[in-house]
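Observations on the three-dimensional arrangement
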Amino acid sequence: MKKGIIAVSLLLSGALLITPITNALSKSDEKETTVKPVKIEQNVQSEKIESTDKINEVNNKTTQTNDIDKQETYIKENKKEDTAKEESIKENIIEDKVQNTQNTTEEKFQASEQKEDLRMSKSQAEAVLNKYLNEVEKTDLTYTYQGDENTFESIKEKGIRGYVFLPNVDTDMAYLVDKDNGNIYFFHPSGYFELLQ
């Protein structure tokens, strides 16, 4: 039965394919005989519109080119102005830095002068040491001035500026009074420091 169905299907599909082909061939023969030549007329006005459009297009391109040239000129002028402004700003910054450096140098000099004024003298350091010995250690020692940071290299190495006082007792430990802040140290010339106050 399957063979019969396949055979019938083939016959029908063949018939369906052949019919449109034959119809198309017969219609093409008819069309060839019925085609009439068409006369083409040129419209002068449309040609004028086209040429006007072309002229407008060329004018637009020229205008665009001129606009671009103007923009480029404007940009170049602005770049020159911006460059001049940048250079002026850089010059001002350099001048400010130079002025600030001069001011800073002057301020440092004035500060160092003020520090010199604020530093303790030898007699002031001696008074601070006496007060410390009387109030804290409850002793009344006499001592001998031995020198300052210029006398003892170990003091200079520590970055301390001060006066050295050796008590008049059998010891090699001295008292060092810092000129800048009044700190008192036990001090030995070998480099031993112990902060007392």
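Worth saying up front: this structure is predicted, and the values here are computed from it rather than measured. (Residues numbered from 1 in each chain as written. Predicted model: local features only at pLDDT ≥ 70, side-chain atom pairs only at ≥ 80, totals over all residues. Heavy atoms only, no water.)

1. Looking at the packing of aromatic side chains
Throughout the structure, instances matching the rule amount to seven aromatic pairs. Considering the side-chain rings of Tyr-145 and Tyr-163, the 6.2 Å spacing of their centres and the 55° angle between planes classify their relative orientation as tilted. Taken together, the residues span a long stretch of sequence, with Tyr-145 in strand S1 (residues 143-148) and Tyr-163 in strand S2 (residues 162-167) at a distance of 18 residues. Residue class for Tyr-163 comes out buried when judged on its relative accessible area of 10%. (Phe/Tyr/Trp six-rings, centres within 6.5 Å; stacked < 30°, edge-to-face > 60°. Helix = DSSP H or I, 4+ residues; strand = E, 2+ residues; numbered from the N terminus. Buried < 20%, exposed > 50% of the residue type's maximum accessible area, 1.4 Å probe, protein only.)

2. Examining the nonpolar core
Membership of the largest hydrophobic core is limited to 11 residues, which are Met-120, Ala-125, Leu-129, Tyr-132, Leu-133, Tyr-143, Tyr-163, Phe-165, Tyr-175, Val-177 and Ile-184. When residues of this core are traced back to their parent elements, those giving at least two are helix H3 (122-135), S2 and strand S3 (174-178). The biggest single contributor to this core is H3, with four residues. When near neighbours in sequence (up to four residues on either side) are disregarded, Leu-129 contacts Tyr-143, Phe-165, Tyr-175, Val-177 and Ile-184. Phe-152, Val-164, Ala-174 and Tyr-185 belong to the second-largest nonpolar core, a separate cluster that totals nine residues. (Core = buried A, V, L, I, M, F, W, Y, C linked by side-chain atoms within 4.5 Å. Contact = heavy atoms within 4.5 Å.)

3. Some details on the side chain of Glu-149
One can find Glu-149 in the loop between S1 and helix H4 (153-158). You can call Glu-149 buried: its relative accessible area is 9%. A distance of 3.0 Å separates the side chain of Glu-149 from the backbone nitrogen of Gly-162, its partner in a polar contact. Each residue touching Glu-149, except ones within four places of it in the same chain, is listed here: Ile-155, Lys-156, Ile-160, Arg-161, Gly-162 and Lys-179. (Polar contact = N/O pair within 3.5 Å; in protein donor to acceptor, adjacent residues only side chain to side chain.)

4. Quick look at the side chain of Asp-148
Along the polypeptide, Asp-148 turns up in strand S1. From its side chain, Asp-148 meets the backbone nitrogen of Asn-150 in a polar contact 3.0 Å long. Setting aside residues up to four positions removed in sequence, Asp-148 forms contacts with Ile-155, Gly-162, Tyr-163 and Lys-179.

5. Here we look at a negative patch on the surface
Judged by side-chain charge, Glu-77, Glu-81, Asp-82, Glu-86, Glu-87, Glu-91, Glu-95 and Asp-96 come together as a negatively charged surface patch. Take Glu-87: it is sitting in helix H2 (residues 44-118). (Patch = residues over 30% accessible without salt bridge, like charges linked within 9 Å, V, L, I, M, F, W, Y side chains within 5 Å. Areas by Shrake-Rupley, 256 points an atom, 1.4 Å probe, with all protein chains shown as cover. Salt bridge = Lys/Arg side-chain N within 4 Å of Asp/Glu carboxyl O. Lys, Arg positive; Asp, Glu negative; His and termini not counted. Charge placed at Lys NZ, Arg CZ, Asp CG, Glu CD.)

6. Focus: the sheet that holds S1
Pairing is antiparallel across the open sheet formed by five strands, whose spatial order is S1-S2-S3-S4-S5. Two strands in the sheet have a free side with no partner beyond their single neighbour: S1 and strand S5 (192-195). Going from strand to strand, the sheet's axes swing by 30° on average, the running direction of each strand aside. Where H3 meets the sheet, it contacts S1, S2, S3 and strand S4 (184-188), and its direction lies at approximately 50° from that of S2. (Pairing = 2+ DSSP bridges. Axes fitted to C-alpha atoms, helices over the stretch in contact; angles between N-to-C directions.)

7. What about H3?
Spanning 14 residues, H3 covers 20 Å between terminal C-alpha atoms, matching the ideal 20 Å at 1.5 Å per step. Residues Ala-125, Leu-129, Tyr-132 and Leu-133 constitute the buried set of H3. Looking straight down H3, one finds that the buried residues subtend no more than 95° of arc, so they occupy a single side. Facing away from the buried side of H3 by over 90 degrees, the exposed positions are Ser-123 and Lys-131. (Expected span 1.5 Å × (residues − 1). Arc of directions from axis to C-beta.)

By themselves, these are just geometric observations and shouldn't be taken as functional.
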